[in-house]
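Residue strings, one per chain:
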Protein chains: 2
Amino acid sequence: MDATAAEGTVRVEVDLAGRSYDILIGDGLIASCGSEIARRMPSVRCAIVTDSNVAAAHLATLVESLERAGIESATITLDPGEKTKSFAALEAVVDGVLGARLERGDLVIALGGGVIGDLAGFAAGIVRRGMGFVQVPTSLLAQVDSSVGGKTGINTARGKNLVGLFHQPRLVVADTAALDTLPPREFRAGYAEVVKYGLIDRPDFFAWLEKDWRAVFTGGPARQRAIAESCRAKAEIVARDELETGERALLNLGHTFGHALEAATGYDGARLVHGEGVAVGMALAHRFSVRLNQCSADDAARVEAHLGEVGLPVRMADIPGSLPGAEQLLSYIAQDKKVLRGALTFILTRGIGRSYIARDVPASEVLSFIQENLPE
Amino acid sequence: MDATAAEGTVRVEVDLAGRSYDILIGDGLIASCGSEIARRMPSVRCAIVTDSNVAAAHLATLVESLERAGIESATITLDPGEKTKSFAALEAVVDGVLGARLERGDLVIALGGGVIGDLAGFAAGIVRRGMGFVQVPTSLLAQVDSSVGGKTGINTARGKNLVGLFHQPRLVVADTAALDTLPPREFRAGYAEVVKYGLIDRPDFFAWLEKDWRAVFTGGPARQRAIAESCRAKAEIVARDELETGERALLNLGHTFGHALEAATGYDGARLVHGEGVAVGMALAHRFSVRLNQCSADDAARVEAHLGEVGLPVRMADIPGSLPGAEQLLSYIAQDKKVLRGALTFILTRGIGRSYIARDVPASEVLSFIQENLPE
């Protein structure tokens, strides 16, 4: 474990020349946000961006913590849900931040899940051509994935996350206690991204999750360890390739198939949420790698068994409702922004913890594979 | 003069580690945009962003040039005028670029003045978290100022240019022939920014302008020299301080008073356009520096004489219509985004070509100065 910021708190550093920042992971950390911010950024003022659900649970704690540290804050509260990742909401947040008369050195604080973090980070990146930004992620998905690494963005009618920018936070505060109130399905979906880090390049972490996942779900030190290890994994990749010109694409493991399935289900969260799409996508990526003689069938089976055991979907047949045909699914993949000059780029694997970027996967192979795996 | 790209073309390099780019300045260059782009960025596709006025004059030339170089392009045509620097127009441009199915490595080309450049650059900076960007400025203001240095942005009800980002172009192509059709008032307004570079740190350039400004207005080699020298001056400052953490603020000479006067006239271009505000602002900055015993009265008089000779306004009394009182003008200055923690930051001068950043100018001094200079 890294050096601790406060008793029991784990600190992970994202090492970016001149813009390094800490991720703090611990129980009840929202209540010490004020002092952690004041220590690092004296005399800032803040605008908190949150949604009404998260506000009800955590806003008072955060505001009081800031007040105790002498930090003034305004609050911008949005509707919960993916629809909030829109141009309209971006404009509202920008107006709220400007209305609070914050300056370039002041802070936007994102208090919420991935939607709030992506939106608030985007706003922070464009108000006065870039303000300070702090992430206080309250979902597992946000704590292990979207709050780390500086990707921000919104959705448009043309697709998800096609508009945004890289804007690194100055601090990430992950309060593990905030996860206690998450609906089990949402926690599970976030867990898919935890598994992803094991599958990319940490086989020992994956083996530990296979063994101890129940403790991660229960809470306590195992959960904190899983979150910290995930942040460390992501931080290392981001430090080496901040702007995704290469290696960072590994973080898309499971996401090419996953995004296509999200699009194919009309982004209907009742049928499939993002983390579930990633779970199916990771299982498919392993099975596809077996078909291409890159990965052993045993490893693919282990991945599928573990994801299935925690209750995540692993096959297209696990998704409720009907799916479009194989050609249509392929067209969703070819629209994916990871497509480069028409060649299909996939994250494939040579086994558990041995993922790699394949830049020239023939579309015909993908099509046949989808046809074989589509439910009747 | 720098090495030439084509006969008679001047090349100025903006030296940014890993992201250096060329500014090409020459007669008729729009017709060679295609080959200049193809040479630097093989096999890109493009979306051209322009307004209906500029499109009528130059779009066909640009599109044909791209076609001759084998570069496919889509066009997004907007309404002319400052109102186009809005969230709504930004959303329209983003949608148009995504609709053209461009990828991260493809290009957004801004064909137009400062409004189009600022807006298209902003869109290029946020589509797919940052696409390539080329500036083809068609106004003098855009050629000597806004197209160089990577500042992009839009206006909101809270103020001008408060929302945007730094996104450097990969190439700037300044066709001096495009200026032949500019209305004289617009050319003159752009000329105020040319004078600015002399006043910041190039006294010899200012002296040359005093002597040869008529040739600059006529066109030909003197105009090209004035534009090239302006780009060189800006490029040097931007290379040393890309993100305006220090020295780049010198480029705001005349802009603090200027912005306040633009706001005070309701951004009504019939009364005052940006460059005219800068002209009055530069004259005021020099007179204010005289009042603070920083600059000689002779130098301030030279500045005023030159700006006045070319037909630019130099006093608040030169602005048609009535102005608000001194307190109101001061509040426009204090809202300016260059205000840091309530202290008033001004670009002052010790004489022609000797501007400097003053970070703690007492508001009371500014107020008295405005009171003395307001027309009855």
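Since we're looking at a predicted model, the values are computed, not measured.

Q: Would you mind going over the UniProt feature "domain: 3-dehydroquinate synthase N-terminal" (unreviewed entry) in chain A in detail, with residue names and values included?
A: In the UniProt entry, the feature "domain: 3-dehydroquinate synthase N-terminal" (unreviewed entry) is given for residues 76-188 of chain A. Along residues 76-188 of chain A one finds 34% helix and 25% strand; the C-alpha atoms at either end are 29 Å apart.

Q: Talk me through the pattern of salt bridges; I want residue IDs and the actual numbers.
A: Taken as a whole and assessed by the stated rule, the structure comprises 56 salt bridges over all chains. Glu229 of chain A is the salt-bridge partner of Arg232 of chain A, the closest N and O atoms lying 2.9 Å from each other. Of this pair, Arg232 of chain A and Glu229 of chain A both sit in helix H8 (residues 221-240), separated by three residues, roughly a single helical turn. Assessed through its relative accessible area of 19%, Glu229 of chain A is described here as buried. Of the charged contacts in the structure, one is a salt bridge between Asp118 of chain B and Lys85 of chain B, with a shortest N-O distance of 2.8 Å. Note that Asp118 of chain B is positioned in helix H4 (residues 114-126) and Lys85 of chain B in the loop between strand E4 (73-78) and helix H3 (87-99), a separation of 33 residues in sequence. Judged on exposure class, the residue Asp118 of chain B and its partner Lys85 of chain B are both buried. Several salt bridges share partner residues, and in doing so they unite Arg11, Asp22, Glu36, Arg39 and Arg40 of chain A into one network.

Q: Let's hear about the relation of the copies chain B and chain A: which residues, and what values?
A: Of the transformation placing chain B onto chain A, the axial shift is 0.0 Å and the rotation is 180 degrees, giving an RMSD of 0.0 Å. Each copy turns onto its partner about a two-fold axis. For chain B, the smallest separation between a C-alpha atom and the rotation axis is recorded for Phe87 of chain B, amounting to 4.1 Å. The fraction of interface residues of chain B whose copies in chain A are also interface residues reaches 100%, indicating that both copies meet through the same surface.

Q: So what about the packing of aromatic side chains? Which residues, and what values?
A: One pair of aromatic rings is described through two measures. These are the centre distance and the angle between the planes. According to the stated counting rule, one finds 18 aromatic pairs over all chains in the structure shown. Ring centres of Phe257 of chain A and Phe288 of chain A lie 6.1 Å apart, and the angle between their planes is 80 degrees; this geometry places the pair in the edge-to-face category. With Phe257 of chain A in helix H9 (residues 255-264) and Phe288 of chain A in helix H10 (residues 274-291), this pair connects stretches of sequence that are 31 residues apart. For Phe288 of chain A, a relative accessible area of 0% gives the class buried. Ring centres of Phe288 of chain A and Phe369 of chain A lie 4.8 Å apart, and the angle between their planes is 40 degrees; on these two criteria the pair is classed as tilted. You can see Phe288 of chain A sitting in helix H10 and its partner Phe369 of chain A sitting in helix H13 (residues 363-373), a full 81 residues away along the chain. The class for Phe369 of chain A is buried, based on a relative accessible area of 2%. Through a chain of ring-to-ring contacts, three or more aromatic side chains come together here, namely Phe187, Tyr191, Trp213 and Phe217 of chain A. Over the aromatic face of Tyr356 of chain B sits the side chain of Arg350 of chain B, whose NZ or CZ is 3.7 Å from the ring centroid.

Q: Account for the side chain of Arg223 of chain B, with residues named and values stated.
A: Residues and elements named next belong to chain B. You can see Arg223 is positioned in helix H8 (residues 221-240). According to the relative accessible area criterion, Arg223 is buried, its value standing at 4%. Residues in contact with Arg223, not counting those within four places in the same chain, are Thr176, Leu179, Asp180, Phe187, Ala215, Val216, Phe217 and Thr218.

Q: Can you lay out the packing of helix H7 (residues 203-218) of chain A against H8 of chain A for me, pointing to particular residues and giving the numbers?
A: Residues and elements named next belong to chain A. Between H7 and H8, whose axes approach to 8 Å, the crossing angle comes to 130 degrees. Between H7 and H8, the crossing angle belongs to the class labelled oblique. For the crossing formed where H7 meets H8, the hand is left-handed. Packed against H7, whose contacting residues are Phe205, Trp208, Leu209, Ala215, Val216, Phe217 and Thr218, the element H8 presents Ala222, Arg223, Arg225, Ala226, Glu229 and Ser230 at the interface. When its residues are assigned to classes, the contact of H7 with H8 shows eight nonpolar, two polar and three charged.

The rules behind the values
Residues numbered from 1 in each chain as written. Chains lettered and ligands numbered in written order. Predicted model: local features only at pLDDT ≥ 70, side-chain atom pairs only at ≥ 80, totals over all residues. Heavy atoms only, no water. UniProt positions renumbered as here; feature names shortened; annotations may be inferred. Helix = DSSP H or I, 4+ residues; strand = E, 2+ residues; numbered from the N terminus. Salt bridge = Lys/Arg side-chain N within 4 Å of Asp/Glu carboxyl O. Buried < 20%, exposed > 50% of the residue type's maximum accessible area, 1.4 Å probe, protein only. Least-squares fit on C-alpha atoms with pLDDT ≥ 70 in both. Contact = heavy atoms within 4.5 Å. Phe/Tyr/Trp six-rings, centres within 6.5 Å; stacked < 30°, edge-to-face > 60°. Lys NZ or Arg CZ within 6 Å of the ring centre and 35° of its normal. Axes fitted to C-alpha atoms, helices over the stretch in contact; angles between N-to-C directions. Parallel < 35°, antiparallel > 145°, perpendicular 65-115°, else oblique. Left-handed = near helix turned anticlockwise from the far one by under 90°. Nonpolar A, V, L, I, M, F, W, Y, C, P; charged D, E, K, R; others polar.

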